[in-house]
Amino acid sequence: MNIILLKHGKKYSAEDVNRQAEALKKYCDYDIFCFTEDAKDVIIECIPIPKKPKLAKWWNKLHVFRHDFVLGDRCVMFDLDIDITDNPFPYIESIDWRIPHFLEDYWKKDLFWRNHAYDTMLNSSIMAWEPKRNTEYWWWFKQNIDYNTRKYKGIDRYIWDQKFNFKTFDNAIHDCIDLRL
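Residues numbered from 1 in each chain as written. Predicted model: local features only at pLDDT ≥ 70, side-chain atom pairs only at ≥ 80, totals over all residues. Heavy atoms only, no water.

Remarks on the overall build of the protein chain
- Broken down by element type, the protein chain carries six helices and nine strands.
- The C-alpha atoms of the protein chain give a radius of gyration of 16 Å, which matches the 16 Å a tight globule of 181 residues would have.
- A principal-axis box enclosing the C-alpha atoms of the protein chain has dimensions of 40 × 35 × 30 Å.
- Counting over 181 residues, the protein chain shows a buried share of 49%.
- At a minimum sequence separation of 6, the contacts of the protein chain that also span at least 24 residues come to 75%.
- Distance from the positive charge centre (28 side chains) to the negative charge centre (29 side chains) of the protein chain: 8 Å. (Helix = DSSP H or I, 4+ residues; strand = E, 2+ residues; numbered from the N terminus. Rg over C-alpha atoms; globule rule 2.2 N^0.38 Å. Buried < 20%, exposed > 50% of the residue type's maximum accessible area, 1.4 Å probe, protein only. Contact = heavy atoms within 4.5 Å. Lys, Arg positive; Asp, Glu negative; His and termini not counted. Charge placed at Lys NZ, Arg CZ, Asp CG, Glu CD.)

In structure tokens:
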């Protein structure tokens, strides 16, 4: 299994990547990579974000669903703005890898919900998938990048509204992380 940490732009630093990598190493011995356009001071191996098409912010996550994504084994991406407080891997390792998995923010439905705003319970702060499968996530997105990035406020809403085939992790995984909402 490969662990991927996405660092793009200036929002997060190499220090943030290195901190998250160290936190994850407490619970696994998997290879950990940084998916970034700026590898300066990152202490783990880096995979460059494709230069074309150039995407902003979280939209770079969708590059991992390209048919030519560089890694071939099962992958898990962790956002840099979550704290790992316990071992999340028992909930990750047991999934059906043929189908991408995401966190479920099940509490959102009770707090607020606006269908017209493409609200979603899907949360890509942790996502797991098998590369070279489910390439429709990227294919449909690239058909009209400008439209998709304007219509949706992030990949969570894009994936939810497109009704792609996905599953969610067991909600007990939330006991292993702290989402900085």
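Observations regarding unusual backbone geometry
- Looking along the chain, the bond that leaves Lys52 and enters Pro53 is cis, with omega of -10°.
- Note on placement: Pro53 falls in the loop between β3 (45-48) and β4 (75-78).
- Even without a glycine there, the phi angle at Lys57 is positive, about 50°.
- Checked against the element boundaries, Lys57 lands in the loop between β3 and β4.
- Relative accessible area serves as the criterion here: at 48%, Lys57 is assigned to the partly exposed category.

So, the side chain of Asn60
- Mapped onto the secondary structure, Asn60 falls in the loop between β3 and β4.
- Exposure remark for Asn60: the relative accessible area of 3% places this residue in the buried category.
- In this structure the side chain of Asn60 is engaged in a polar contact, spanning 3.3 Å, whose partner is the backbone oxygen of Leu55.
- From its side chain, Asn60 meets the backbone oxygen of Lys57 in a polar contact 3.1 Å long.
- Setting aside residues no more than four positions away along its own chain, Asn60 makes contact with Leu6, His8, Phe35, Ile49 and Leu55. (Polar contact = N/O pair within 3.5 Å; in protein donor to acceptor, adjacent residues only side chain to side chain.)

Description of the pairing of strand β6 (residues 101-104)
- In terms of strand pairing, β6 meets strand β7 (residues 122-129) through four bridges, oriented antiparallel. Bridge pairing links His101 to Ala128 in β7.
- Bridging between β6 and strand β8 (residues 167-168) involves two bridges; their strand directions are parallel. Looking at the pairing, His101 lines up with Lys167 of β8. (Pairing = 2+ DSSP bridges.)

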